[in-house]
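Observations on the model geometry
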Amino acid sequence: MTRMARCTLLACATAIGIQSQGLLAQTYPVKPIRVIVPFGTGGPADIYARFLGQHMQGPLGQPWVVEARPGAGSIIGTELVAKSPADGYTLLVMSNTHTVNESLVPKKPFVLMKDFIAVAPINYSDLLLVVHPSVPAKTVKELVAIAKKGGMSYSSSGTGTPYHMAGELFKALAGVDILHVPHKSSGDARTSVMSGQTDMMLDAITTMLPIAQAGRVRALATSGRTRSSVAPDLPTIAEAGVKGYETTIWIGIMAPAGTPRAIVERLNAEITKVVNRADVKAVWAKQGAVPLTMSVADYEKYLYADIAKWAKVVKISGARADR
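Presented here is a report on the structure given in the accompanying data block. (Residues numbered from 1 in each chain as written. Predicted model: local features only at pLDDT ≥ 70, side-chain atom pairs only at ≥ 80, totals over all residues. Heavy atoms only, no water.)

1. Digging into the packing of aromatic side chains
Formally: Only Phe, Tyr and Trp rings take part, Trp by its six-membered ring, and two of them pair if their centres are within 6.5 Å. Stacked means planes under 30 degrees apart, edge-to-face means over 60, and tilted covers everything else. Note on conventions: DSSP H or I runs of at least 4 residues are helices, E runs of at least 2 residues are strands, and numbering of each starts at the N terminus. Here the term buried applies to any residue with accessible area under 20% of the maximum for its type, exposed to any over 50%, and partly exposed to those in between, with areas from a 1.4 Å probe on protein chains only.
Tallying each qualifying case throughout the model produces eight aromatic pairs. Measuring from centroid to centroid gives 5.4 Å for Tyr 48 and Trp 284, while their planes differ by 80°, and the two rings are edge-to-face. Of this pair, Tyr 48 sits in helix α2 (residues 44–60) while Trp 284 sits in helix α11 (residues 278–287), and the two are 236 residues apart along the sequence. Trp 284 sits in the buried class, given a relative accessible area of 0%. With 6.3 Å between their ring centres and 75° between their planes, Phe 170 and Tyr 245 make a pair best called edge-to-face. Of this pair, Phe 170 sits in helix α7 (residues 162–174) while Tyr 245 sits in the loop between β8 (218–222) and β9 (248–256), placing them 75 residues apart in sequence.

2. Some points on the layout of surface pockets
Applicable threshold: Here a cavity denotes grid points, spaced 1 Å and computed from the protein atoms alone, that fit a 1.4 Å probe unable to get out, and a pocket denotes an open set having protein on both sides within 12 Å along at least 5 of 7 lines; residues with an atom within 4 Å of a point are the lining. Grid points are joined across faces, edges and corners, and a volume is the space filled by probe spheres set on the points. Three residue categories are used. Nonpolar comprises Ala, Val, Leu, Ile, Met, Phe, Trp, Tyr, Cys and Pro, charged comprises Asp, Glu, Lys and Arg, and polar comprises the others, including Gly.
Of the pockets and cavities examined, the largest pocket occupies roughly 430 Å³. Lining the largest pocket are 24 residues, with Tyr 124, Ser 125, Asp 126, Gly 224 and Thr 248 sitting closest to its centre. Here the residues of the lining of the largest pocket are counted per class, giving nine nonpolar, nine polar and six charged.

3. Description of empty space enclosed by the protein
Considering all chains together, one arrives at one cavity of 30 Å³ or more under this definition. For the lining of the largest cavity, the secondary-structure elements that each account for two or more residues are α2 and α7. Here the lining of the largest cavity gets three residues from one element, more than from any other, and that element is α2. When grouped by side-chain class, the residues that make up the lining of the largest cavity number eight nonpolar, eleven polar and two charged.

4. Details of unusual backbone geometry
A cis amide bond links Tyr 28 to the next residue, Pro 29, at an omega of 0°. Mapped onto the elements, Pro 29 comes out in the loop between α1 (3–27) and β1 (33–37). Phi is positive for Ala 72, close to 55°, though the residue is something other than glycine. As for its position among the elements, Ala 72 is in the loop between β2 (64–68) and α3 (75–82). Given the relative accessible area of 51%, Ala 72 is considered exposed. Even without being a glycine, Ser 74 presents a positive backbone phi close to 90°.

5. What about the packing of α2 against helix α10 (residues 261–275)?
Each pair of packed helices can be described by the angle between their axes along with the distance between the axes. Using the following cut-off: Only the contacting stretch of a helix is used when fitting its axis, a line to C-alpha atoms as for every element, and angles between N-to-C directions run 0 to 180 degrees. Should an angle fall under 35 degrees it is called roughly parallel, over 145 degrees roughly antiparallel, and 65 to 115 degrees roughly perpendicular, with every other angle called oblique. Left-handed describes a crossing whose near helix is turned anticlockwise from the far helix by less than a right angle; the clockwise case is right-handed. Contacts were defined at the residue level, with two residues in contact if any of their heavy atoms lie within 4.5 Å.
Between α2 and α10, the shortest axis-to-axis distance is 10 Å and the interhelical angle comes to 125°. Taken together, α2 and α10 sit at an angle that is classed as oblique. α10 is crossed by α2, and the crossing has right-handed handedness. Within the contact between the two elements, α2 uses Leu 52, His 55, Met 56, Pro 59 and Leu 60 and α10 uses Arg 266, Leu 267, Glu 270, Ile 271 and Val 274. Considered class by class, the residues forming the contact of α2 with α10 number seven nonpolar, one polar and two charged.

6. Regarding the nonpolar core
For clarity, the cut-off: By convention a nonpolar core is built from buried Ala, Val, Leu, Ile, Met, Phe, Trp, Tyr and Cys residues, the set being connected through side-chain atoms within 4.5 Å.
The biggest cluster of nonpolar side chains holds 67 residues, and the ones touching the most others in it are Leu 129, Val 140, Leu 143, Phe 170 and Met 200. A per-element tally of this core places strand β4 (residues 116–131) first, with seven residues. Apart from residues no more than four positions distant in its own chain, Phe 170 is found in contact with Leu 129, Val 140, Leu 143, Val 144, Gly 175, Val 176, Ile 178, Met 200, Leu 202, Ile 237, Val 242 and Tyr 245. By size, the runner-up hydrophobic cluster in this structure holds 34 residues, among which are Phe 39, Met 56, Tyr 89 and Ile 253.

It is worth stressing that arrangement in space is one thing and function is another; only the former is reported here.
So this is what it looks like as structure tokens:
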């Protein structure tokens, strides 16, 4: 075979591959899409996955079936997706829990950036620092002073979750030792602090703010770089005296490694359209959630950067998977 003939065959094969990928994107999906949330029901991941699904069924022409599979700090549900066929019909709702666990829980049955492919981010929101009404602290400085005397505890939805690491970062930067009490879900963790079984919690502002407004917990501060638009009267934790403190919770979608690129790009495009809708932005703004959109390539870079960021926090805080 001549060199020209080989080149012609290669060009034809490439063209056929590109065409088949295009056809795949056009025909996908032909059946319902299973969306696994590896966290408890009622938390931000579950809420926004279902919200997104309401708007995805139209353009995709197939149901977006959300299924909660909580446990082991997101590992149970995540492993299920990792072992699923890479055909675009099983997706993972993930958060910075997953990027944290890359360093906090190295002996997992999967490696995030090896066993999954980035699809698209959804949104992010600040956390709200709250205490049970029995805790006398009215400010972050007063809370730190009480914590330095010992005996305080904070609840989270499990090891490696944003709520856990937000607490560990607070401990490290404030120079206090507060007992971490992990729970199976964010709902359980909220119940714990509302009932006074634990003293404090850092929780998504989208779900905890209404509880604070109802007087069931006392809000002291928010976790972002600047004050939250839905709680402008509250200072940031850094502003209130814990210098350098900043963290948020973000949510996104991944698929099993090997999922055809055309399907991944189609999902990214449709999710981005939903997140950019004016009515969606308006609803989220009232809740304190900020839309987050990126290309597949940029989202992949974002995930690698977040893994590196939390690896440093895990090292500084001394956080461990068993506490």
